[in-house]
Amino acid sequence: MTGFRKLTVLGLAVLAGFLAITIDTKPALSHGERTQEPFFRMRSMQWYDVTWSKTSVGVNEEWEMTAKVYLMKDWPETINKPDLVYVSLLAPGPVFARTESSLNGIPARQSFRDLKLGTVYDYQMKLVGRVPGRWHVHPEIAVAGSGPLVGPGEWVEVTGSASDFAFPIETMTGEKIANLETYGVLNIGMWHLIWLAIAAGWLLFWLLRPLLIPRFLALQGGREDLLVRRTDVVAGAMLVVVSLTLIFTSYYLGVSKYPNRVPLQITVNEIEKDIEQPPDDLDITMKRTTYDVPGRALRMIFEATNTGSSPLTLGEFSTSSLRFVDKKVPQAMARVAPDYPREWVPEGGLQVSNNAPLQPGETRTYTVEAIDVAWELERLTSFLTDVDARFGGLLFFYEPDGRRHLTEISGPILPVFTAGDMVSQNETGAQVAAVSQ
Amino acid sequence: MFNNKEVLEYAGFGKMASRYSMYWDLIVVTAIILLFGSVIPLSVMLMVGDWDFFIDWRDRQFWPLVFPIVTIWYSAALAGIFWENFRLPIGATVGAVLLLLPVWLSRWGTWHLFNNYPMSMVTPTQVISGALILDGCMLVFRHYVFTAIVGGFLYGFTFYFANFGPMAGFFQPVEHQGAIAPVADMVGYAFPRSATPEYIRIVERSTLRTFGDTTVFYTASFAGYVCVLMYLIWWKIGNWFAQATFFPNASWIKSSVGLKD
Ligand SMILES: [Cu+2]
């Protein structure tokens, strides 16, 4: 009895532990968006001006996600060029339903071919709340052969009851489908039940007899006549006839009910016209970029020449959705919406050595620092172990009236181990961070 | 209806032996359900994959080709074992049922309840209709080669027709953002899969298309021919695996555990 009791206690403990693990799971903070290598995220697509029209929606309530996405000219060699892409979103499963989407205003239900590097595209997606909960949602463009490239994420809460959800559509033949979620399931399920019932009948017809050993013995003894009788053969023939009849009946019923049908559509669209591209009156030469490992600081030294006719002030350095903003530049601060998710706007901001407006024709060497723990949190420091130790990003310069210039920068990046004797080159950012504390 | 008594008498089974023989049957049936109920759905998942998972992958070329070709393996192997050893014409049906039931369970549980996929996107495909024809043919012809030629062909050929009818509503045209889409495409679009971009669908990519609107008849016939071949091969494989073979131990192994030769 004590042995049994011990076992029971042990069993309950294991069960409780298991339940504790499953129940106490907080919603996952990330869903793989940080797993891609830094060069992948810093030199492929730069998302900016991302908006989420609502952060709390009811079930069936529509909201919208918009963004601009710039495709870097310094696209990494190791991943495929954006020759075939699909406009999508990153969310934990189909918790939102998608009603409309577009790239540069062209419907994006299907894929696009041949996006151009060095170009800004206009992303738009309309969604409705479907599954109640709090979900992290990012804009995303998937690139064939490379994978999904995602922008910044925001928490969007869906309130209400999942059972209220409905996605109604009307076909071109006038049939109204009340809810796409459940459409057709009953009909398919009913036919499956019919087949299962016939199969069950057939199996029972045989399983209700002595099965293995007696039949095996009878067969060995040459008494096949006992095992397969004339009536069985007739039953078999009938089964074939009934099955064939039912198959073509079900086919006929389906196609005669829906005589107008179209096959799956696999068109790949082209972006015929670019949107108006932001100005870029800057000529930039990268000098040297370092990443101070224990200090979590990116330092860039570059030479910038103003080739336009307005003075320009550096306001923001944006890479992999992180926005390092010079808080002393009001034009740049004006671009950070008050409700923009703070995790993407590092506190440290952007420190610029001399940020007086760059006058037309002037050339100046800038020393710029972006210091923040976000480099580690977003796992952007593993370039130390990558095959492609280059970084990239966007610089936003502002005219006095707030007009924004977009400039791509990229170049080699060098690690600096200030606590050099303690850190080996192969250690990851996380380990390095631990050392520096 | 049955001649159970005769069979048992011939086997020389008394009351007691018959009872234990029935228990043995039950154990074997349970084992077959557990084993094949997991193996068949798993390999269909691996070999057919997205064409089976999603309604917006069920095209007129690859879905009706890949699905019957893969599923006839198990039906043929099981049919071979059951027929050759016990003259039971149920193998194909057993395989088809042990595919459909677990797949419904996983679509409804894993896909729908836990991952929020709407059932309309992930309803399963059935091959029971073809399996019944296979088993029926087995009885009629009493030979696996003829069963393969007639039943195997019908298994592959009828797959599309057996499944398309109930799904036909999914191919009604819908206008969406100024372009045409079947309802199936709309299901795939409305319920986004982050890691399954639209372009990865393999839909009607081959030269069969040049035959025009009759694509489906060519695909179905081709599926039928391949199924004939598959049935023959897998019948043999099934029976090969069902052999009882003894390999004598090497004498040094016996002696190392203290046994005499
Ligand atoms: Cu996220």
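Residues numbered from 1 in each chain as written. Chains lettered and ligands numbered in written order. Predicted model: local features only at pLDDT ≥ 70, side-chain atom pairs only at ≥ 80, totals over all residues. Heavy atoms only, no water.

## Section: the nonpolar core
Grouped burial of nonpolar side chains is what soluble globular proteins tend to show.
For step 1, the next point in the chain: Membership of the largest hydrophobic core comes to 202 residues, with the highest contact counts inside it found for Phe96, Tyr123, Leu180, Phe302 and Phe317 of chain A together with Phe170 of chain B.
For step 2, the next point in the chain: Here the element with the most residues in this core is helix H4 (residues 63-86) of chain B; it accounts for 15 residues.
For step 3, the next point in the chain: Here Tyr123 of chain A is in contact with Trp47, Met65, Thr66, Ala67, Val87, Ser88, Leu89, Ser102, Leu103, Pro139, Glu140 and Ile141 of chain A, once residues within four sequence places are set aside. (Core = buried A, V, L, I, M, F, W, Y, C linked by side-chain atoms within 4.5 Å. Buried < 20%, exposed > 50% of the residue type's maximum accessible area, 1.4 Å probe, protein only. Helix = DSSP H or I, 4+ residues; strand = E, 2+ residues; numbered from the N terminus. Contact = heavy atoms within 4.5 Å.)

## Overview of the pattern of salt bridges
For step 1, the next point in the chain: Overall, the coordinates contain 30 salt bridges over all chains when judged by the stated rule.
For step 2, the next point in the chain: For the salt bridge of Asp185 of chain B with Arg201 of chain B, the shortest nitrogen-to-oxygen distance reads 2.8 Å. Of this pair, Asp185 of chain B sits in helix H9 (residues 183-190) while Arg201 of chain B sits in the loop between H9 and helix H10 (215-241); the two residues are 16 residues apart in sequence, bridging distant segments of the chain. For the pair formed by Asp185 of chain B and Arg201 of chain B, the shared burial category is buried.
For step 3, the next point in the chain: Residues joined in a network through salt bridges with shared partners are Arg109 of chain A together with Asp185, Glu198 and Arg201 of chain B. (Salt bridge = Lys/Arg side-chain N within 4 Å of Asp/Glu carboxyl O.)

## So, the interface of chain B and chain A
For step 1, the next point in the chain: Tallying the contact residues gives 98 residues for chain B and 97 residues for chain A.
For step 2, the next point in the chain: A buried area of about 8600 Å², summed over both sides, lies between chain B and chain A, and 71% of it is on carbon and sulfur atoms.
For step 3, the next point in the chain: Together, Tyr10, Tyr189 and Tyr199 of chain B form the three largest contributors to the area buried by chain B at its contact with chain A, with a combined 9%.
For step 4, the next point in the chain: Across the salt bridge formed by Glu224 of chain A and Arg87 of chain B, the nearest N and O atoms sit 2.6 Å from each other.
For step 5, the next point in the chain: Remark: the boundary between chain B and chain A carries 34 residue pairs in polar contact (both at pLDDT 80 or more).
For step 6, the next point in the chain: Considering each element in turn, the side of chain B that touches chain A owes the most residues, eleven residues, to helix H8 (residues 144-167) of chain B.
For step 7, the next point in the chain: Split into classes, the residues belonging to the side of chain B that touches chain A amount to 60 nonpolar, 22 polar and 16 charged. (Buried area = accessible area lost by both parts, 1.4 Å probe. Polar contact = N/O pair within 3.5 Å; in protein donor to acceptor, adjacent residues only side chain to side chain. Nonpolar A, V, L, I, M, F, W, Y, C, P; charged D, E, K, R; others polar.)

## Remarks on the sheet that holds strand E3 (residues 62-71) of chain A
Residues and elements named next belong to chain A.
For step 1, the next point in the chain: Sheet architecture is open: five strands sit in the order E1-E3-E8-E5-E6, paired in antiparallel fashion. Each edge of the open sheet carries a strand with a single partner, namely strand E1 (45-52) and strand E6 (106-107).
For step 2, the next point in the chain: Two strands pair when backbone bridges link them, and strand E5 (residues 96-103) and E6 are joined in this way by two bridges, in the antiparallel orientation. Of the residues in E6, the one forming a bridge with Leu103 is Ile106. (Pairing = 2+ DSSP bridges.)

## Re the sheet that holds strand E18 (residues 322-325) of chain A
Residue and element names in this part refer to chain A.
For step 1, the next point in the chain: On the basis of which strands lie adjacent, the open sheet formed by four strands has the order E18-E17-E21-E22 and antiparallel pairing. Bordering the open sheet on either side are E18 and strand E22 (404-412), each of which pairs with just one other strand. Neighbour to neighbour, the strand axes of the sheet diverge by 25 degrees on average, direction disregarded. (Axes fitted to C-alpha atoms, helices over the stretch in contact; angles between N-to-C directions.)

## A closer look at empty space enclosed by the protein
The rolling of a water-molecule-sized probe over the atoms marks out the regions of remaining empty space.
For step 1, the next point in the chain: Taken as a whole and assessed by the stated rule, the structure comprises six cavities of 30 Å³ or more.
For step 2, the next point in the chain: As a volume, the largest cavity reaches approximately 150 Å³.
For step 3, the next point in the chain: Together, 16 residues line the largest cavity, and Tyr86 of chain A together with Asp56, Gly188, Arg193 and Glu198 of chain B are the ones closest to its centre.
For step 4, the next point in the chain: Contributions of two or more residues to the lining of the largest cavity are made by strand E4 (84-90) of chain A together with H9 of chain B.
For step 5, the next point in the chain: Here the element with the most residues in the lining of the largest cavity is H9 of chain B; it accounts for three residues.
For step 6, the next point in the chain: Approximately 120 Å³ is the volume found for the second largest cavity.
For step 7, the next point in the chain: Mapped onto the lining of the second largest cavity, the elements with two or more residues apiece are E1 and strand E10 (147-150) of chain A.
For step 8, the next point in the chain: Looking at side-chain class alone, the lining of the second largest cavity contains five nonpolar, six polar and three charged residues. (1 Å grid on protein atoms, 1.4 Å probe; cavity = no way out; pocket = protein on both sides within 12 Å on 5 of 7 lines; lining within 4 Å. Points joined across faces, edges and corners; volume = space filled by probe spheres on them.)

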